[in-house]
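Each chain, written out:
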Amino acid sequence: MSEYFNETHQQVRATARKFIETHVLPHIDDWEEAGEFHRDLYKKAGDAGLLGIGFPEALGGIGEGDIFLKVAVSEELMRSTSGGLVAGLGSLDIGLPPVARWAKKDIREQIVPPVLRGEKIAALAVTEPGGGSDVANLKTRAVRDGDHYIVNGSKTFITSGMRADHYTVAVRTGGEGHGGISLLLIDRDMPGFSTGKKLRKMGWWASDTAELFFEDCRVPADRLIGAENAGFIAIMSNFLFERLSLAIMAYMTAQLAYEAALEYTQQRTAFGRNITGFQVTRHKLVDMATQIDVAREYTYRCAALMQAGKNPIKEVAMAKNFSVDVCEKVTREAVQLFGGMGYMRETVVERLYRDAKILSIGGGTTEIMKELIAKQIKL
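Being a predicted model, the structure only gives us computed values, none of them experimental.

What counts, and at which threshold
- Residues numbered from 1 in each chain as written.
- Predicted model: local features only at pLDDT ≥ 70, side-chain atom pairs only at ≥ 80, totals over all residues.
- Heavy atoms only, no water.
- Helix = DSSP H or I, 4+ residues; strand = E, 2+ residues; numbered from the N terminus.
- Rg over C-alpha atoms; globule rule 2.2 N^0.38 Å.
- Buried < 20%, exposed > 50% of the residue type's maximum accessible area, 1.4 Å probe, protein only.
- Contact = heavy atoms within 4.5 Å.
- Areas by Shrake-Rupley, 256 points an atom, 1.4 Å probe, with all protein chains shown as cover.
- Lys, Arg positive; Asp, Glu negative; His and termini not counted.
- Charge placed at Lys NZ, Arg CZ, Asp CG, Glu CD.
- UniProt positions renumbered as here; feature names shortened; annotations may be inferred.
- 1 Å grid on protein atoms, 1.4 Å probe; cavity = no way out; pocket = protein on both sides within 12 Å on 5 of 7 lines; lining within 4 Å.
- Points joined across faces, edges and corners; volume = space filled by probe spheres on them.
- Nonpolar A, V, L, I, M, F, W, Y, C, P; charged D, E, K, R; others polar.
- Patch = residues over 30% accessible without salt bridge, like charges linked within 9 Å, V, L, I, M, F, W, Y side chains within 5 Å.
- Salt bridge = Lys/Arg side-chain N within 4 Å of Asp/Glu carboxyl O.
- Core = buried A, V, L, I, M, F, W, Y, C linked by side-chain atoms within 4.5 Å.
- Arc of directions from axis to C-beta.
- Axes fitted to C-alpha atoms, helices over the stretch in contact; angles between N-to-C directions.
- Parallel < 35°, antiparallel > 145°, perpendicular 65-115°, else oblique.
- Left-handed = near helix turned anticlockwise from the far one by under 90°.
- Polar contact = N/O pair within 3.5 Å; in protein donor to acceptor, adjacent residues only side chain to side chain.

Student: Just to check I follow, could you spell out the overall build of the protein chain for this structure?
Tutor: Helix and strand counts for the protein chain come out as 13 helices and ten strands. Against the globule reference of 21 Å for 379 residues, the protein chain gives a C-alpha radius of gyration of 21 Å, in line with a compact fold. Viewed in the frame of its principal axes, the protein chain has a C-alpha envelope of about 80 × 50 × 40 Å. The buried share among the 379 residues of the protein chain stands at 54%. A separation threshold of at least 6 residues defines the contact pool for the protein chain, and within that pool the share at least 24 residues apart is 75%. In the structure as shown, the protein chain presents an accessible area of about 17,000 Å², 53% of it carried by carbon and sulfur atoms. With 46 positive and 48 negative side-chain charges, the protein chain shows a separation of 3 Å between the mean positions of the two kinds.

If you want it as structure tokens, here you go:
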């Protein structure tokens, strides 16, 4: 293991690994086919202390500031072999931080602890139909009406969208551009809110993904998160950790594909010998291992910068792009090494190959990351 992890990190890692082995791996294939996992898994994860990492102790969390504690748990959760399960179980990590940091005190104390216990589910709702990465031009509008906001519009591709209890929703309260965006905390039982049918996806099958609709949805004004028209800053601050998390998901998806391919090629024979006896196979496995190690260690470096209080926007964007590129290459090669079996749903590399694609889209596309990097290096 890397020098970045101490004994406490390893103890929490062991807890997360046992959680996956006990509560997830026996069921994950069925959950993938069903397109969702059982809701009680949130409660089990909460009981194990896995949901509170990175949140204040005063709100029921494990504590803030230890990035590598979250890295260790994130790596072990990916051992579920399902990016969809990890995304669904972890939707609170993108939906809840703005609430914990900037919501009014009584709202924080009401909402955050039950989510960290796994009794409620939180989600983030930013993306809109036709909007994609163009966050600054979102159209969902919230108009102040006395002590309420009236919200009209829609969101799409929302992780945990079907069954979340609380949604951190980006809305337009002011003029055009990023300066007119606010965040509202909207509950699923508020009048005027509804969800569409569950969306069917190429990968991440075990996560529920949905459209959200707001038709004259009345939201109490005290559900404003932070200051009015200051939501874009909160969204951007949220992106840094989300992109680090996606880099972790990417190199771990690659790691799992590599491990599966290594085991399979050591067992499979062709032309009278084990296929690891062929130089082309060995070299593929060497390239896979090398690329994964580089992606992992650079991501650790980004986490260390964040741990030190830096704001490594450029480095995290680079880590995400590089890790995703490695992930796509390694999962493709893993399927190829499996041959015809790699195309079968019964093999884990088939799932990993499908799950890999979303990582170059979510949290900011590869192209957006390159533009972000270009700005940081003054191009």
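Student: Is there a simple way to explain the UniProt feature "domain: Acyl-CoA oxidase/dehydrogenase middle" (unreviewed entry) in the protein chain in this structure?
Tutor: Following the UniProt record, one finds the feature "domain: Acyl-CoA oxidase/dehydrogenase middle" (unreviewed entry) at residues 123-217. Along residues 123-217, the helical share is 0% and the strand share 52%, with 18 Å between the first and last C-alpha atoms.

Student: Please clarify how empty space enclosed by the protein should be interpreted in this entry.
Tutor: The method is simple in principle: a probe with the dimensions of a water molecule rolls over the atoms, and the space it marks as empty is what remains. For the structure shown, the criterion picks out one cavity of 30 Å³ or more. In this model, the largest cavity occupies a volume close to 40 Å³. Around the largest cavity sit Tyr42, Leu51, Leu89, Ser91, Leu92, Val115, Gly118, Lys120, Ile121 and Ala122, which together line it. Here the lining of the largest cavity is composed, by residue class, of seven nonpolar, two polar and one charged.

Student: Just to check I follow, could you spell out the environment of Arg268 for this structure?
Tutor: Within the element layout of this structure, Arg268 appears in the loop between α9 (231-267) and β9 (269-270). Exposure remark for Arg268: the relative accessible area of 31% places this residue in the partly exposed category. Taking the C-alpha atoms as reference, Arg268 lies 47 Å from Pro97; in sequence the two are 171 residues apart. Among residues more than four places away in sequence, those in contact with Arg268 are Arg273, Asn274, Ile275, Leu337, Phe338 and Gly339.

Student: I'm lost on a nonpolar patch on the surface in this one. Help?
Tutor: Together, Met341, Tyr343 and Met344 give the surface a local cluster of nonpolar side chains, amounting to about 330 Å² of exposed area. Structurally, the position occupied by Tyr343 is in the loop between α11 (313-338) and α12 (348-356). For Tyr343, a relative accessible area of 70% puts it in the exposed group.

Student: Where do I start with the layout of surface pockets in this structure?
Tutor: Volume-wise, the second largest pocket comes out at about 450 Å³. Residue lining of the second largest pocket: 21 residues in total, with Gly54, Gly65, Ile67, Arg101 and Phe241 positioned closest to the centre. Those elements giving two or more residues to the lining of the second largest pocket turn out to be α4 (67-77), α6 (92-95), α7 (97-102) and α9. Of all the elements, α9 adds the most residues to the lining of the second largest pocket, at five residues.

Student: What am I meant to see in the nonpolar core here?
Tutor: Where a protein is soluble and globular, its nonpolar side chains tend to be buried together. Counting 115 residues, the largest nonpolar core has Phe19, Val71, Leu85, Leu96, Val151, Leu184 and Ile186 as the members making the most contacts within it. Considering every element that reaches this core, the biggest residue donor is α9, with 19 residues. Setting aside residues no more than four positions away along its own chain, Ile186 makes contact with Val151, Asp165, His166, Tyr167, Val169, Phe214, Cys217 and Val219.

Student: What should I look at first to understand helix α3 (residues 40-47) in this one?
Tutor: In an α-helix, one turn spans 3.6 residues; hence positions three or four apart end up facing the same way. Taken residue by residue, α3 has Leu41, Tyr42, Ala45 and Gly46 as its buried positions. Summarising the axial view, the buried residues of α3 lie within an arc of 140°, below the 170-degree limit, and thus occupy one face. Its buried side turned inward, α3 meets α1 (7-24), α2 (28-34), α5 (83-89) and α8 (105-116). Just beyond α3, the residue with positive phi is Gly49, at close to 80°.

Student: I'm lost on the packing of α4 against α9 in this one. Help?
Tutor: What describes two packed helices is the angle between their axes and the distance between those same axes. Relative to each other, α4 and α9 sit at 40°, their axes nearing to 10 Å. As far as their axial angle goes, α9 and α4 are oblique. Considering only the axes of α4 and α9, their crossing is right-handed. Residues Ile67, Lys70, Val71, Ser74 and Glu75 of α4 form the contact with α9, whose own contacting residues are Phe241, Leu244, Ile248, Tyr251 and Met252. Looking at side-chain class alone, the contact of α4 with α9 contains seven nonpolar, one polar and two charged residues.

Student: Looking at this structure, I do not really get the side chain of Asp187. What am I missing?
Tutor: Inspection of the secondary structure assignment puts Asp187 in strand β5 (residues 181-187). Residue Asp187 is classed as buried on the basis of its relative accessible area, which comes to 11%. A distance of 2.7 Å separates a polar atom in the side chain of Asp187 from a polar atom in the side chain of His166. Discounting residues that sit within four places of it in the chain, Asp187 has contacts with Asp165, His166, Phe193 and Arg223.

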